[in-house]
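What follows is the residue order along each chain.
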Amino acid sequence: MTSIWLKFLGTSILLTLSACTNDSDESVHREPPPTVAEVPHETFVPAPEVVKPAPVSQKTRDTYQWYCSQCHGITGKGDGMNALQLAVPPRNHTKADYLETRTDQQLFEAIKLGGLAVGRAPCMPAWGNTLKDADITGLVNYIRELCHCEGA
Amino acid sequence: MTLYRLFICVLFFWATNAHADISLLKENHCDQCHRLSSGDKEQNLAPDLFYAGEKFQEPWLREFLRNPHIIRLNGYSGRMDFPKAITPQPHPSLPEKVADEVADVLLTLKLLEPETPINFGEPLSKGKKVRAKILFERNFSCSACHKGVNLAGKPHGGESGPSLFNAGARLQPQWIFNWLQSPEKYRSKGRMPRFDLDQETAIKLVQYIMTLKKENMK
């Protein structure tokens, strides 16, 4: 009986702490990205509409490589050098299915305020003290270019 | 009189300027990769050493120069090709005597002398440590980029930042504090996000990092 309780206590401590990185050697299973499940499952996926994203400057691309690629990867596929260590994988910025359910404003806020502040995983850091609002707007446009998708 | 003044000037220059000593580092080719003075042109191959006396704990530094180990698992973040992840090469090691002389020079290299050094107090109690761990792992995403320690006492966390697994034995608390509050004083542009931390939170994070010591781990 006590051992069950201890286990329960153990897991709950683990859960509160391991909000970002896996806090146990055994934990290989990773939480799925939270809201993908909300995306309606259609029997066939329609061909992506051709959308014309806002022009993206070289500075914005460099900013993405400099900071964001650490987790989201060089091509934005979510396979950066930290990806395997994180409990919640970095969002794949080339996939439309999730990103088209988010508004540009929501992406802006996630980047500026960080995952924790907008109900996303805390391993997405806040960039509001590092990047100017205009830089962040540029990054949102770049993500729209990567996913070939528009905001909801 | 003027001659006397000149003498004082020269003496002052000599005493505060480590250039004479830096030649020992150059003899050992440290400048091939590292910047040894803040005026050196950025080459971004290896972390800067011109504030080594402020950054590292002496015993760690002496040991590292003799028996180097890897700290940045994907190479140095200043390199342009860093996002591709660089397989780190083993660091050159020095014979004991040279290592100690080199360490003596490195320990004189300082950039900022804190106006009011902070008292980081006693090592954290267990309860405070758990709360500070939450700051490190959750509130500020530090562990997404840095190796810290998990509940089993093993290294865990991201790999783009230098490993902090043994930072409590490697780094000086005041330097960590300065880095968190004003990284631009040390490096014009890093890849770590800036945090707008109040002093109390910054101190808690420093205190937490200081608990990360290999010798404390299971």
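Residues numbered from 1 in each chain as written. Chains lettered and ligands numbered in written order. Predicted model: local features only at pLDDT ≥ 70, side-chain atom pairs only at ≥ 80, totals over all residues. Heavy atoms only, no water.

Q: Looking at this model, I keep getting lost on the interface of chain B and chain A. Mind explaining?
A: Accessible area lost when the parts come together is the quantity often used to give the size of an interface. In this complex, chain B contributes 35 residues to the contact, which on the side of chain A involves 30 residues. Summing both partners gives a buried area of about 2,700 Å² for chain B against chain A, and 58% of it is carried by carbon and sulfur. Counting the contacts that link chain B with chain A gives 10 residue pairs in polar contact (both at pLDDT 80 or more). For the side of chain B that touches chain A, the elements supplying multiple residues, two or more each, are helix 6 (126-139) and strand 2 (155-157) of chain B. The element best represented in the side of chain B that touches chain A is helix 6 of chain B, accounting for 6 residues. For the side of chain B that touches chain A, the residue count by class is 12 nonpolar, 12 polar and 11 charged. (Contact = heavy atoms within 4.5 Å. Buried area = accessible area lost by both parts, 1.4 Å probe. Polar contact = N/O pair within 3.5 Å; in protein donor to acceptor, adjacent residues only side chain to side chain. Helix = DSSP H or I, 4+ residues; strand = E, 2+ residues; numbered from the N terminus. Nonpolar A, V, L, I, M, F, W, Y, C, P; charged D, E, K, R; others polar.)

Q: Just checking my understanding: could you explain the pattern of salt bridges for this structure?
A: Between side chains of opposite charge, a pair can form when the charged atoms approach closely. Residues and elements named next belong to chain B. Evaluated as defined, the whole model comprises 15 salt bridges over all chains. Residue Glu184 is joined to Arg194 by a salt bridge in which the shortest nitrogen-to-oxygen separation is 2.8 Å. In this pair, Glu184 is assigned in the loop between helix 8 (173-181) and helix 9 (199-210) and Arg194 in the loop between helix 8 and helix 9, connecting sequence segments 10 residues apart. We classify Glu184 as partly exposed; its relative accessible area is 38%. (Salt bridge = Lys/Arg side-chain N within 4 Å of Asp/Glu carboxyl O. Buried < 20%, exposed > 50% of the residue type's maximum accessible area, 1.4 Å probe, protein only.)

Q: In this structure, what is going on with the domain arrangement of chain B? I would like to understand it.
A: Residues and elements named next belong to chain B. Once the domains are mapped, chain B shows domain 1 (2-106) and domain 2 (126-216). The C-alpha centroid of domain 2 is placed 23 Å from the C-alpha centroid of domain 1. In this complex, domain 1 contributes 21 residues to the contact, which on the side of domain 2 involves 19 residues. Here domain 1 meets domain 2 over a buried area of about 1,800 Å², counting both sides, of which 46% is carbon and sulfur. Of all residues in domain 1, Glu54, Lys55 and Gln57 give up the largest surface area on contact with domain 2, accounting jointly for 29% of the area buried on that side. (Domains from an automatic or database assignment.)

Q: Could you clarify how one ought to interpret the packing of aromatic side chains in this entry?
A: Each aromatic ring pair is summarised here by two numbers: the centre-to-centre distance and the angle between the ring planes. Per the counting criterion, the structure on display carries 12 aromatic pairs over all chains. On the basis of an interplanar angle of 50° and a centroid distance of 5.2 Å, the ring pair of Tyr67 of chain A and Trp127 of chain A is categorised as tilted. With Tyr67 of chain A in helix 2 (residues 58-72) and Trp127 of chain A in the loop between helix 4 (104-113) and helix 5 (133-147), this pair connects stretches of sequence that are 60 residues apart. With respect to burial, Tyr67 of chain A and Trp127 of chain A carry one shared label: buried. Here the aromatic rings of Phe136 of chain B and Tyr208 of chain B are separated by 5.4 Å at their centres, their planes lie at 45°, and the arrangement is tilted. Of this pair, Phe136 of chain B sits in helix 6 while Tyr208 of chain B sits in helix 9, and the two are 72 residues apart along the sequence. You'll find Phe136 of chain B and Tyr208 of chain B in the same group, each marked buried. Members of the aromatic cluster, joined through ring pairs, are Phe50, Tyr51, Trp175, Trp179 and Tyr186 of chain B. (Phe/Tyr/Trp six-rings, centres within 6.5 Å; stacked < 30°, edge-to-face > 60°.)

Q: What exactly am I supposed to notice about the nonpolar core here?
A: Note on soluble globular proteins: their nonpolar side chains tend to be buried together. In this structure, Leu25, Leu61, Leu65, Leu106 and Ile176 of chain B are the most contacted members of the largest nonpolar core, which totals 52 residues. Elements with a contribution of two residues or more to this core: helix 2 (19-27), helix 4 (58-66), helix 5 (96-106), helix 6, helix 8 and helix 9 of chain B. The element that contributes the greatest number of residues to this core is helix 9 of chain B, accounting for 7 residues. Taken together, domain 1 (2-106) and domain 2 (126-216) of chain B each give at least three residues to this core, which thus spans both. With residues up to four places along the chain from it excluded, the contact list for Ile176 of chain B reads Leu171, Val206, Ile209 and Met210 of chain B. Judged by nonpolar contacts, the second largest core, of 20 residues, contains Leu139, Leu146, Cys147 and Cys149 of chain A. (Core = buried A, V, L, I, M, F, W, Y, C linked by side-chain atoms within 4.5 Å.)

Q: Sorry, what's going on with helix 6 of chain B here?
A: Residues that lie three or four places apart on an α-helix share one face, since the helix turns once every 3.6 residues. With 14 residues, helix 6 of chain B ought to run about 20 Å at 1.5 Å a step, and its terminal C-alpha atoms sit 19 Å apart, in line with that. Phi for Ser141 of chain B, located one or two positions after helix 6 of chain B, is positive at around 55°. (Expected span 1.5 Å × (residues − 1).)

Q: Help me understand the confidence of the model for chain A, please; the structure alone is not making it clear to me.
A: Low-pLDDT portions of the prediction should not be read for the details of their coordinates. All names here are of chain A. The predicted model of chain A averages 80 in pLDDT, with 66% of residues at 70 or higher. The model gives residues 1-17 a pLDDT under 50, and that stretch makes 11 contacts with residues more than four places away or in other chains. Note that residues 25-43 has pLDDT below 50 and, in this model, 25 contacts with residues that lie over four places away or in other chains. (pLDDT = per-residue confidence, 0-100.)

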